[in-house]
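# Descriptive analysis of the structure
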Amino acid sequence: MATFTTSVVLLRWQLLSAVLMFMASTLNIRFRRADYIGLAVISSGMGLAAACWFATGLLGITVLDITNIWHNVVQVMADISREAPPDWPMVIT
């Protein structure tokens, strides 16, 4: 019993995001059947956000990691644009 309790405590965010994905999927199905397309799109977005949260939680990616990744992407794009030839991208007429 202690092992089960410990696993639930350690996985609480992953369990919450899995429940959110399930609820978003269920709402999406109900909204599409009732022809509430706007609400179905919103529930799909919620499900996608919960899936991303679930994946980042399992991979151990934090907000600081995402910030570092974004900073590196910006740095690489700046380096690429600085090293590109002046006539790039070329316009063919």
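Residues numbered from 1 in each chain as written. Predicted model: local features only at pLDDT ≥ 70, side-chain atom pairs only at ≥ 80, totals over all residues. Heavy atoms only, no water.

### What to know about the UniProt feature "transmembrane region" (unreviewed entry) in the chain
Per the UniProt record, "transmembrane region" (unreviewed entry) is found at residues 12–29 and 36–61. Structurally, residues 12–29 is divided into 100% helix and 0% strand, and its ends, taken at the C-alpha atoms, are 26 Å apart. (UniProt positions renumbered as here; feature names shortened; annotations may be inferred. Helix = DSSP H or I, 4+ residues; strand = E, 2+ residues; numbered from the N terminus.)

### Some thoughts on a nonpolar patch on the surface
A grouping of Trp13, Leu16, Val19, Leu20, Phe22, Met23 and Trp53 is seen on the molecular surface, where their side chains present a nonpolar patch of about 700 Å² in accessible area. Residue contributions to the nonpolar patch peak at six residues, all from helix 2 (residues 12–33). The topology assignment puts Trp53 in helix 3 (residues 37–59). (Patch = residues over 30% accessible without salt bridge, like charges linked within 9 Å, V, L, I, M, F, W, Y side chains within 5 Å. Areas by Shrake-Rupley, 256 points an atom, 1.4 Å probe, with all protein chains shown as cover. Salt bridge = Lys/Arg side-chain N within 4 Å of Asp/Glu carboxyl O.)

### Brief notes about unusual backbone geometry
Positive phi outside glycine occurs at Asp35, with the angle close to 60 degrees. By the secondary structure assignment, Asp35 is in the loop between helix 2 and helix 3.

### With respect to the packing of aromatic side chains
The full count for this structure, using the stated rule, is one aromatic pair. Both rings, one in Phe31 and one in Tyr36, keep their centres 6.5 Å apart while their planes meet at 75 degrees; by these two values the pair is edge-to-face. Relative accessible area serves as the criterion here: at 48%, Tyr36 is assigned to the partly exposed category. (Phe/Tyr/Trp six-rings, centres within 6.5 Å; stacked < 30°, edge-to-face > 60°. Buried < 20%, exposed > 50% of the residue type's maximum accessible area, 1.4 Å probe, protein only.)

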